[in-house]
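Chain by chain, the residues run as shown.
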Amino acid sequence: MKKYVCSACGYVYDPAKGDPEHGAKPGTAFEDLPDDWTCPECGVGKDMFSPED
């Protein structure tokens, strides 16, 4: 699964780790995150993330 990077702050969403503090269990693909999920570092929406190279 691909990692995604926040263009606002540089936070990297790693599907292997998920974001358990915000309801995303480890193994959750970025595409499967809820539409209202936001960056845990800066609060921007999913539309501000892009796949990591």
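Residues numbered from 1 in each chain as written. Predicted model: local features only at pLDDT ≥ 70, side-chain atom pairs only at ≥ 80, totals over all residues. Heavy atoms only, no water.

What about the overall build of the chain?
Move 1: Within the chain, the regular secondary structure consists of zero helices and three strands.
Move 2: At 10 Å, the chain has a C-alpha radius of gyration in line with the 10 Å of a compact globule built from 53 residues.
Move 3: For the chain, the spread of C-alpha atoms along the principal axes amounts to about 25 × 25 × 15 Å.
Move 4: Here the chain, with 53 residues, has 32% of them falling under the buried criterion.
Move 5: Contacts spanning at least 24 positions in sequence make up 45% of the contacts within the chain whose residues lie at least 6 apart.
Move 6: Of the roughly 3,400 Å² of accessible surface on the chain, 47% is carried by carbon and sulfur atoms. (Helix = DSSP H or I, 4+ residues; strand = E, 2+ residues; numbered from the N terminus. Rg over C-alpha atoms; globule rule 2.2 N^0.38 Å. Buried < 20%, exposed > 50% of the residue type's maximum accessible area, 1.4 Å probe, protein only. Contact = heavy atoms within 4.5 Å. Areas by Shrake-Rupley, 256 points an atom, 1.4 Å probe, with all protein chains shown as cover.)

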